[in-house]
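Architecture at a glance
The chain contents come next:
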Amino acid sequence: MSDQVYLLYGKTGWLGGKLTTLLREQGKTVHLADSRLENRESVLKELETIKPTHVLNAAGVTGRPNVDWCESHRPETIRANVIGTLNLADLCSSKSIHCTIYATGCIYEYDAEHTIGGKGFLESDAPNFKASFYSDTKGMVENMLRVFPNVCVLRVRMPISDDLSPRNFVTKIVKYDKVVNIPNSMTVLTDLLPVSLAMADKKLEGVYNFCNPGAISHNEILDMYKEYIDPSYTYTNFTVEEQDKILVAGRSNNTLDVSKMVNALPEMEIKEIHVAMQGVFKRMKENLTAEGIIPDKLPKRS
Ligand SMILES: NC(=O)c1ccc[n+]([C@@H]2O[C@H](COP(=O)([O-])OP(=O)(O)OC[C@H]3O[C@@H](n4cnc5c(N)ncnc54)[C@H](OP(=O)(O)O)[C@@H]3O)[C@@H](O)[C@H]2O)c1
């Protein structure tokens with residue numbers, strides 16, 4: 001029996017739920033945190049009561065229905081994502097508890113040095129995407145988190161699951177009236193959540209781009225959706241400038257270089273994103289067929 005004890009923040013969240021299931025499947029001891037991140041004394045008490053060897057932080061505000069919410073809820077965003085995240089990192093670090101933070105890679109946008117199809121952003125590159133309060137503050141916090149020993153920051157991007165959860169990037173773009181078409185780094189959760197637990201096991205520290213290698217475009221994903229899930233599905237593209245007119249905050253588009261993560265885990269095979277997406281759609285088709293959702297109950301545009 002492992003002497004590892006996990007304490008998970010974000011028990012009611014999308015990633016948090018998946019991590020809880022995975023930890024239990026792996027036979028790990030997992031406790032679900034009750035404290036709110038900004039309540040430092042409660043977090044400290046919980047750490048001292050549970051005495052975890054590992055903390056996983058999948059808590060934070062992402063906004064509902066989307067990150068535009070953060071533009072008009074700036075104090076709430078700071079409270080959870082800045083004050084709360086720093087509280088937890090500081091307390092874990094001072095108690096020598098390994099802390100994995102599920103953060104975001106949406107802190108960059110393509111630029112002259114990092115073009116579509118060109119070199120990806122490294123963990124050492126300064127954030128250059130400020131067009132969203134959520135992303136801007138995540139970038140600031142990441143820079144502060146670098147100071148703390150025992151803290152591992154994982155830059156998640158456009159997470160993808162094997163179902164039609166409304167949080168799944170696939171579901172989101174399937175339901176849009178119009179969609180941009182830009183290659184991006186993405187995080188296939190079935191592949192990468194186990195990778196994060198392996199990284200925690202090794203007590204890796206610092207910042208990691210946490211995506212499948214490569215980049216995939218919106219149209220490539222929608223074409224696969226049509227091939228595997230709904231042959232009757234059609235989509236219409238529009239430009240980023242047209243998209244900007246219907247959004248409050250800007251959206252980040254970038255490719256992250258994942259060599260640091262891949263090199264840290266030579267024993268793990270981390271699939272290239274196009275290969276990974278074939279796996280996603282095969283599993284999705286099986287899941288949706290078993291649930292009776294294919295062919296009649298597939299999501300329609302709202
Ligand atoms: N989903 C995405 O598209 C995406 C993309 C990139 C990165 N990420 C990152 O991954 C992390 C998890 O995302 P998710 O999609 O799983 O989020 P989610 O479904 O919105 O879940 C967020 C979780 O955080 C908890 N929480 C919020 N504020 C809290 C606070 N102050 N103290 C303690 N718990 C708090 C929520 O609990 P309550 O419901 O009780 O408030 C909930 O359990 C986020 O930090 C996000 O930045 C997500």
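See the structure printed just above.
Residues numbered from 1 in each chain as written. Predicted model: local features only at pLDDT ≥ 70, side-chain atom pairs only at ≥ 80, totals over all residues. Heavy atoms only, no water.

Quick look at the overall build of the chain now. A count of helical and extended segments in the chain gives eleven helices and six strands. Computed over its C-alpha atoms, the radius of gyration of the chain comes to 19 Å, within 12% of the 19 Å expected for a compact globule of 302 residues. The principal-axis extents of the C-alpha atoms in the chain amount to approximately 55 × 40 × 35 Å. Within the chain, residue pairs in contact and separated by at least 24 positions form 80% of the contacts whose partners lie at least 6 positions apart. Carbon and sulfur atoms make up 53% of the accessible area of the chain, which totals about 13,700 Å². Within the chain, one finds 35 positive and 38 negative side-chain charges whose respective centroids are separated by 4 Å. (Helix = DSSP H or I, 4+ residues; strand = E, 2+ residues; numbered from the N terminus. Rg over C-alpha atoms; globule rule 2.2 N^0.38 Å. Contact = heavy atoms within 4.5 Å. Areas by Shrake-Rupley, 256 points an atom, 1.4 Å probe, with all protein chains shown as cover. Lys, Arg positive; Asp, Glu negative; His and termini not counted. Charge placed at Lys NZ, Arg CZ, Asp CG, Glu CD.)

With the rule as written, the count across this model stands at six aromatic pairs. On the basis of an interplanar angle of 15° and a centroid distance of 6.0 Å, the ring pair of Tyr 228 and Phe 281 is categorised as stacked. Of this pair, Tyr 228 sits in helix α8 (residues 218-228) while Phe 281 sits in helix α11 (residues 273-290), placing them 53 residues apart in sequence. For the residue pair Tyr 228 and Phe 281, the accessibility class agrees, reading buried in each case. Above the face of the Tyr 208 ring, Lys 260 is positioned so that its terminal group lies 4.4 Å from the ring centre. (Phe/Tyr/Trp six-rings, centres within 6.5 Å; stacked < 30°, edge-to-face > 60°. Buried < 20%, exposed > 50% of the residue type's maximum accessible area, 1.4 Å probe, protein only. Lys NZ or Arg CZ within 6 Å of the ring centre and 35° of its normal.)

Now for the site of the ligand. The ligand sits among 25 residues. The nearest are Thr 12, Leu 15, Glu 38, Tyr 134 and Lys 138. At 3.0 Å from an oxygen atom of the ligand is found a main-chain nitrogen or oxygen belonging to Gly 13. A distance of 2.9 Å separates an oxygen atom of the ligand from a polar side-chain atom of Arg 167. Protein chains shield 83% of the accessible area of the ligand, which is 900 Å² for the free molecule. Here the shell around the ligand takes three residues from strand β4 (residues 98-104), the largest share from any one element. Looking at the shell around the ligand, its residues break down into eleven nonpolar, seven polar and seven charged. (Near = heavy atom within 4 Å. Polar contact = N/O pair within 3.5 Å; in protein donor to acceptor, adjacent residues only side chain to side chain. Nonpolar A, V, L, I, M, F, W, Y, C, P; charged D, E, K, R; others polar.)

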